[in-house]
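So the chains spell out like this:
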Protein chains: 2
Amino acid sequence: MLNKFCKKPLYEVTQTMARVATGAEPAELVIKNAKLVNVCTCEIQEGIDVAIACGRIALVGDASHCIGDGTKVIDAAGQYIAPGFMDAHIHVESAMLTVREYARAVVPHGTTGIFMDPHEICNVCGPDGVKAMIEDAKGSPLKAMSNVPSCVPAVAGFEDTGSSIGPDEVREMMTWDGIMGLGEMMSFPNVLSAEPNIHGELRETLKADQVITGHYSVPETGPGLNAYIASGVRCCHESTRAEDVLEKMRRGMYALLRYGSAWHDMPIIIRAILDNNIDDRFACLISDDSHADTVLNEGHLDYIVRLAIKEGLDPIKAIQYVTINPATCFRMDHEMGSIAPGKCADIVFFDDLQDIRITRTIIDGDVVAENGEMTVTIEPSKFPDYTYNTMHVGEDITADSFRIAAPEGAGSSARARVMEIIPNHVGNYERLIELPVEGGYVEADKSQDVMKLAVIERHKATGTKGLGFVTGFGFTKGAMAQTVAHDAHNLLVAGTNDEDMALAANTLIECGGGLCAVANGKVLSVLPLPIAGLMSDKSAKEVADMNEELAAAWKDMGCVINSPYMTMALMALACLPEIRLTNRGMVDCRTFEFIDLFTE
Amino acid sequence: MLNKFCKKPLYEVTQTMARVATGAEPAELVIKNAKLVNVCTCEIQEGIDVAIACGRIALVGDASHCIGDGTKVIDAAGQYIAPGFMDAHIHVESAMLTVREYARAVVPHGTTGIFMDPHEICNVCGPDGVKAMIEDAKGSPLKAMSNVPSCVPAVAGFEDTGSSIGPDEVREMMTWDGIMGLGEMMSFPNVLSAEPNIHGELRETLKADQVITGHYSVPETGPGLNAYIASGVRCCHESTRAEDVLEKMRRGMYALLRYGSAWHDMPIIIRAILDNNIDDRFACLISDDSHADTVLNEGHLDYIVRLAIKEGLDPIKAIQYVTINPATCFRMDHEMGSIAPGKCADIVFFDDLQDIRITRTIIDGDVVAENGEMTVTIEPSKFPDYTYNTMHVGEDITADSFRIAAPEGAGSSARARVMEIIPNHVGNYERLIELPVEGGYVEADKSQDVMKLAVIERHKATGTKGLGFVTGFGFTKGAMAQTVAHDAHNLLVAGTNDEDMALAANTLIECGGGLCAVANGKVLSVLPLPIAGLMSDKSAKEVADMNEELAAAWKDMGCVINSPYMTMALMALACLPEIRLTNRGMVDCRTFEFIDLFTE
């Protein structure tokens, strides 16, 4: 794949590279006397210099002869250097930040490249939304390589979104600068059943010589997984068991070990590697979804690398998992992912190999961050008008909007299919729970920790909505609402009572989308996300602060888990097991059928 | 890189792949119950089935459900299966066979893919010669992926060839079907000095998103090696010391460990890996040059794999070195190099992991060889007319043609720069030897094992020739001639006396090129190579038999080393250290300057 994410393509500067390496021309920058984390051979080399010009590495070894007038020299004595970290699967929107603000937050943590799948904004604004993300990214030094979202809507026929993607869109978008690969192919049932439209997307991606990224979220490693990989899918971040990881790697699929703000799969699934003496070239560490506060307080890939080391992974291997391995996954290892001659000069510095804390980040040969702060200016994002004002609800929302009629013949209670969350994991369980019936309507039940849930279409004012129940959050009062609700990003409301649910919904309709907490008829906290109802135009710090205020409000409302909005946001994502609610109704995600909310 | 070397591109058959893997459609072929050499995870998995359709692997695991009416089943109980072997650097012409005959010889040994650099025929016939090789390859199941020869002539300005390649030719040829990568960039001094023409070739290759293959044959791993790699060269097969291999791999360069018929570098240089606990993903095993008799009697990559195992390399790793590693080197690992869903069904069978003897070869899902024999028909090669009749010598050759005038002021002897060969290695040494002067002419000297050497231009009848001396072969009588003489493929003649040298030269001029042995005015043996003076149109067996006859003749003439013609053939290759002879004269290959044959 040609690299369109560098300062200068190698083919323009091979002569300069040769001249700088041989000393015929001085380097622009020389790093002296570092301890090199060599991800090519998996070893530490001491006393290594790196000479840099035109944004690329000209020499690794002794660079004394590369220093001339005007060469900037960084003394790295006592410090480690490693290739810049790359996240092979990330949704920037999940941080509720623009790409530039996301970059400002993660680059000081050593992230130099991301393979972003902007399918959230695509569900709201279509391909133009993807274009807006790519354009936004150009204002930051971070290499933000965008996938073409593959599943918009996530589960066609089961939900309504603002846009849709098919083979024609994929073919067109694959020609864009800024695109690398197809985003997570969540419609694995359609892959397995050879559905023509989904296979059309795979075909257009492969014809464009691009990489298909995956999302295979069921614990099946037989015919289904084989069919999925055989259809051309190269990587998958949805493993939840060590055996999933092992079977994927055995079949030449890159296993992306996830540790996101809300999904903590890595410590379990990394056992596949730690407990088996296998070649791990197909392993990567990724975040998938990182919140602003996680990035600010813990870090990004540096944090996940530290955690993997704590689990027992060799530090150099952990660094391979965020450098050469993801680069090879995307067939970009000739350009990125190692500190080697000819490669982009994306380099991070740190002092302790066992507890990696990034002190300096270099991208394309420029020092862009030091000691936790950007050292270059990133202009504020300017998203186009069409990404603002995306709340189009086809019904005046009142408390009555959330009434759920009891099934025919119900007495004082009705047996409902309730979604039970699994804290910090993306799956959920179907639970059959008896709920009270009052005046012909089924109610939420605090005594059983069951809230009402509503998914209200908000893109094209169709007036459609789905109603159901959820358990596991612990809320004792109030309601929360959000437009993040994956992946259709409809207006999702959960509450203990209908009045607070209505207030929460209307609060977000008014501010253009976002998150809010409401109790006893009062708005406790709101985080406006005016860009597509997904992203703030504020800084990571401001978003994190608002998030913290929201978290306090949710805690005050009785919530017992961290990041409840994130777990809540997946209750509408009909490609994850076991059952989900969309604006069209309740879906069994194991069989992909609509099901009744009530059962015998 | 799009794969143009498969039965069907994956993008055309993803639906079939999914249907076969899930059992909705029967497989064409199922391999049952094999011991899988899993090169992805570097482990052996027992009881593995492989389901195949459309030339590709649909499933790896339990394929019971993939067997239907018409499915061919191979019971592999007790047998190992591994991905087909790939040679990342090979000159087919060196076997003196057409591509089809080469395929017929190596496919039964498990070779399913080669990255061939047809620079020999290109030196004689130009790009049309490359095209002829690609067309010839289409008549065999072997995946013969052709590089664009980069250095034609090998050392511009120092020799005369039948054609030349520059940036324009590279740009044009990169668009051809059948091309993958740029052939070995032997002009490393021009890479290091940033020479515009050579860097133009690099530029056109990188712009075409192709891989540049290398040839860095000096024991320098500092500024020069860095400059070479930084210019975009991805692999190199010219290491002669373990430290060369280590330093190349450390800089992200694929180290191609060579064991050719005449160059036995591997056992020495593999110590880089065996003696260091390093990641070896950048290591490959290659042949570079394999003769017909080696292939018939010993094998091809299977032979080299066996030898590497004998040196102490883990057998699974040895197999990685000829499968997934070369595939990744050429950024084709998504298509080839592993037994994994979606990949081309290129599979080999064998019984003993410690002593690998291939019993069956499958290419693109077809059983193409069993028990050492092809099981499919390969039609005879039909090379175009322009590849025949390529002997154009501009002088009537007589004994006088080989006279070497003594330097001015010489007495009974003269001090000559004599090339001393290093048996089984490509390098040579400059030796200063006193040679007898008779009647004003310097003579060969059997007592010191010094023969005369002549390089006569034979492409455009320029009438130019170079004369010199060589030592180390042990010939006590006669002469040998050849048109293989790398890389200009001029008419090279070595002899103990001028009369036999003239007979040897004229014998080859008459038969269109080849090899011959002459002694005491008689032709002892001749191997005609009518295609470009490089290749026979006969089978490997016939060529090997003729070779054997030649070898016997050479032995009878006193020769003390194996494959003398191969070592001899490099005496004209001015990119190898230390000194060489071309049709323009003697060259110091360390400084790239013409030098006098005689010195003080």
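That block above? That's the structure.
Now for a quick tour of the structure. (Residues numbered from 1 in each chain as written. Chains lettered and ligands numbered in written order. Predicted model: local features only at pLDDT ≥ 70, side-chain atom pairs only at ≥ 80, totals over all residues. Heavy atoms only, no water.)

1. Topic: helix 9 (residues 242-250) of chain B
Okay, step 1: Among the nine residues that make up helix 9 of chain B, eight are buried, leaving the element largely enclosed by the rest of the structure.
Okay, step 2: Those residues of helix 9 of chain B that fall on the buried side of the exposure criterion are B:Ala242, B:Asp244, B:Val245, B:Leu246, B:Glu247, B:Lys248, B:Met249 and B:Arg250. (Buried < 20%, exposed > 50% of the residue type's maximum accessible area, 1.4 Å probe, protein only. Helix = DSSP H or I, 4+ residues; strand = E, 2+ residues; numbered from the N terminus.)

2. As for the relation of the copies chain B and chain A
Okay, step 1: Superposition record for chain B on chain A: RMSD 0.0 Å, screw rotation 180 degrees, translation along axis 0.0 Å. Both chain copies can therefore be described as sitting about a two-fold axis. Minimal C-alpha separation from the rotation axis in chain B is found for B:Arg331, amounting to 3.2 Å. (Least-squares fit on C-alpha atoms with pLDDT ≥ 70 in both.)

3. Considerations on the interface of chain B and chain A
Okay, step 1: Taken together, the contacts link 60 residues of chain B with 60 residues of chain A.
Okay, step 2: Together, the buried faces of chain B and chain A total about 5200 Å²; carbon and sulfur atoms form 56% of this surface.
Okay, step 3: Among the residues of chain B in contact with chain A, B:Tyr11, B:Arg250 and B:Arg281 are the three that bury the most area, contributing 13% of the side total.
Okay, step 4: Taken together, the links from chain B to chain A amount to four salt bridges. (Contact = heavy atoms within 4.5 Å. Buried area = accessible area lost by both parts, 1.4 Å probe. Salt bridge = Lys/Arg side-chain N within 4 Å of Asp/Glu carboxyl O.)

4. Quick look at empty space enclosed by the protein
Okay, step 1: All told, the structure shown has nine cavities of 30 Å³ or more when counted by the stated rule.
Okay, step 2: What the largest cavity holds in volume is close to 220 Å³.
Okay, step 3: Considering the residues around the largest cavity, the lining is formed by 23 residues, among which A:Tyr254, A:Arg281, A:Thr328, B:Tyr254 and B:Thr328 are closest to the centre.
Okay, step 4: Of all the secondary-structure elements, those providing two or more residues to the lining of the largest cavity are helix 15 (324-329) of chain A together with helix 15 (324-329) of chain B.
Okay, step 5: Considered as a void within the structure, the second largest cavity measures approximately 180 Å³ in volume.
Okay, step 6: In terms of lining residues, the second largest cavity is bounded by 16 residues, among which A:Gly232, A:Val233, A:Arg234, B:Leu10 and B:His334 are the most central.
Okay, step 7: Here the lining of the second largest cavity is composed, by residue class, of seven nonpolar, five polar and four charged. (1 Å grid on protein atoms, 1.4 Å probe; cavity = no way out; pocket = protein on both sides within 12 Å on 5 of 7 lines; lining within 4 Å. Points joined across faces, edges and corners; volume = space filled by probe spheres on them. Nonpolar A, V, L, I, M, F, W, Y, C, P; charged D, E, K, R; others polar.)

5. Structural notes on the sheet that holds strand 12 (residues 254-258) of chain B
In a beta sheet, neighbouring strands are held together by backbone hydrogen bonds and run either parallel or antiparallel to one another.
Residue and element names in this part refer to chain B.
Okay, step 1: With parallel pairing, eight strands are arranged side by side in an open sheet as 6-7-8-9-10-11-12-13. What marks the edges here is a single partner per strand, and that holds for strand 6 (85-90) and strand 13 (283-286). Direction aside, neighbouring strands of the sheet carry axes that sit 30 degrees apart on average.
Okay, step 2: Where strand 9 (residues 179-185) lies against strand 10 (residues 212-214), two bridges are found, and the strand directions are parallel. Bridging across to strand 10, Met185 finds its partner in Gly214.
Okay, step 3: Lying on the sheet, helix 7 (residues 196-207) is in contact with strand 9 and strand 10; it crosses strand 9 at an angle near 155 degrees. (Pairing = 2+ DSSP bridges. Axes fitted to C-alpha atoms, helices over the stretch in contact; angles between N-to-C directions.)

6. Regarding helix 1 (residues 10-22) of chain B
Okay, step 1: Between its first and last C-alpha, helix 1 of chain B extends 17 Å over 13 residues, near the 18 Å set by a 1.5 Å rise per residue.
Okay, step 2: At B:Thr16, helix 1 of chain B shows its strongest bend, of approximately 35 degrees.
Okay, step 3: Regarding helix 1 of chain B, the residues found buried are B:Leu10, B:Val13, B:Thr14, B:Thr16, B:Met17, B:Ala18, B:Val20 and B:Ala21.
Okay, step 4: On the buried face of helix 1 of chain B, the contacting elements are helix 6 (188-192), helix 7 (196-207) and helix 8 (223-230) of chain A together with strand 2 (43-53) and strand 3 (56-61) of chain B.
Okay, step 5: Phi turns positive, to about 90 degrees, at B:Gly23, one or two residues after helix 1 of chain B. (Expected span 1.5 Å × (residues − 1). Bend = angle between axes of the 7 residues up to and from the residue.)

7. A word on the pairing of strand 28 (residues 585-588) of chain B
Side chains on a regular strand alternate between the two faces of the sheet.
All names here are of chain B.
Okay, step 1: Where strand 27 (residues 579-582) and strand 28 come together, four bridges link them in antiparallel fashion. Across the sheet, residue Leu581 finds its bridge partner in strand 28, namely Met586.
Okay, step 2: Both strand 28 and strand 29 (residues 593-595) contribute to a ladder of three bridges, which runs antiparallel. Its bridge partner being in strand 29, Val587 is matched across the sheet by Phe594.
Okay, step 3: The hairpin formed by strand 28 and strand 29 contains four residues between the paired strands, and Phe592 there has a positive phi angle of roughly 55 degrees.

8. Some remarks on the sheet that holds strand 21 (residues 450-456) of chain A
All names here are of chain A.
Okay, step 1: Sheet architecture is open: nine strands sit in the order 20-19-18-22-21-24-23-25-26, paired in mixed fashion. Strands at the two margins of the open sheet, each flanked by one partner only, are strand 20 (441-442) and strand 26 (522-528).
Okay, step 2: Where strand 21 meets strand 24 (residues 491-495), five bridges bridge the pair, whose relative direction is antiparallel. Residue Ala454 lies in a different strand from strand 24, and its bridge partner there is Val493.
Okay, step 3: This element, helix 16 (residues 498-511), spans strand 21, strand 23 (479-482), strand 24, strand 25 (514-519) and strand 26 of the sheet and lies at about 150 degrees to strand 25.
Okay, step 4: Set on the sheet, helix 17 (residues 540-556) makes contact with strand 23, strand 25 and strand 26; between it and strand 26 the angle comes to about 150 degrees.

9. Quick notes on the state of the cysteines
Linking two cysteines covalently via their sulfur atoms produces the bond known as a disulfide.
Residues and elements named next belong to chain A.
Okay, step 1: All chains considered together, the criterion is met by zero disulfides over all chains.
Okay, step 2: Left unpaired, Cys236 is separated from the closest cysteine sulfur, that of Cys235, by 7.6 Å.
Okay, step 3: Cys284 takes part in no disulfide bond, and the closest cysteine sulfur, belonging to Cys329, lies 5.5 Å away.
Okay, step 4: Classification of Cys284 by relative accessible area gives buried; the value is 0%. (Disulfide = S-S within 2.5 Å.)

10. A look at the packing of aromatic side chains
All names here are of chain A.
Okay, step 1: Tallying each qualifying case throughout the model produces 22 aromatic pairs over all chains.
Okay, step 2: When the ring of Tyr80 is compared with that of Phe350, the centres are 5.4 Å apart and the planes differ by 15 degrees; the resulting orientation is stacked. Placement of the pair is Tyr80 in strand 5 (residues 80-83) and Phe350 in strand 14 (residues 347-350), with a sequence separation of 270 residues.
Okay, step 3: Since its relative accessible area comes to 13%, Tyr80 is described here as buried.
Okay, step 4: Taken together, the aromatic side chains of Phe158, Phe592 and Phe594 make up a single cluster linked through ring pairs.
Okay, step 5: The lysine or arginine in question, Lys35, covers the ring of Tyr80, its NZ or CZ lying 4.4 Å from the ring centre. (Phe/Tyr/Trp six-rings, centres within 6.5 Å; stacked < 30°, edge-to-face > 60°. Lys NZ or Arg CZ within 6 Å of the ring centre and 35° of its normal.)

11. Brief notes about the environment of B:Ala21
Okay, step 1: Mapped onto the fold, B:Ala21 is located in helix 1.
Okay, step 2: Sequence separation of B:Ala21 and B:Thr462 is 441 residues, and the distance between their C-alpha atoms is 63 Å.
Okay, step 3: Ignoring anything within four residues of it in the chain, the contact list for B:Ala21 reads A:Pro223, A:Asn226, A:Ala227, B:Ala58, B:Leu59, B:His65 and B:Cys66.

12. Observations concerning the environment of B:Thr41
Okay, step 1: Mapped onto the elements, B:Thr41 comes out in the loop between strand 1 (29-38) and strand 2.
Okay, step 2: Judged by its relative accessible area of 0%, B:Thr41 falls in the buried class.
Okay, step 3: Leave out the neighbours within four places in its chain, and B:Thr41 touches A:Met249, A:Arg250, A:Ile278 and A:Asp279.
Okay, step 4: Reaching out from B:Thr41, the side chain makes a polar contact with the side chain of B:Glu43 at a distance of 2.9 Å. (Polar contact = N/O pair within 3.5 Å; in protein donor to acceptor, adjacent residues only side chain to side chain.)

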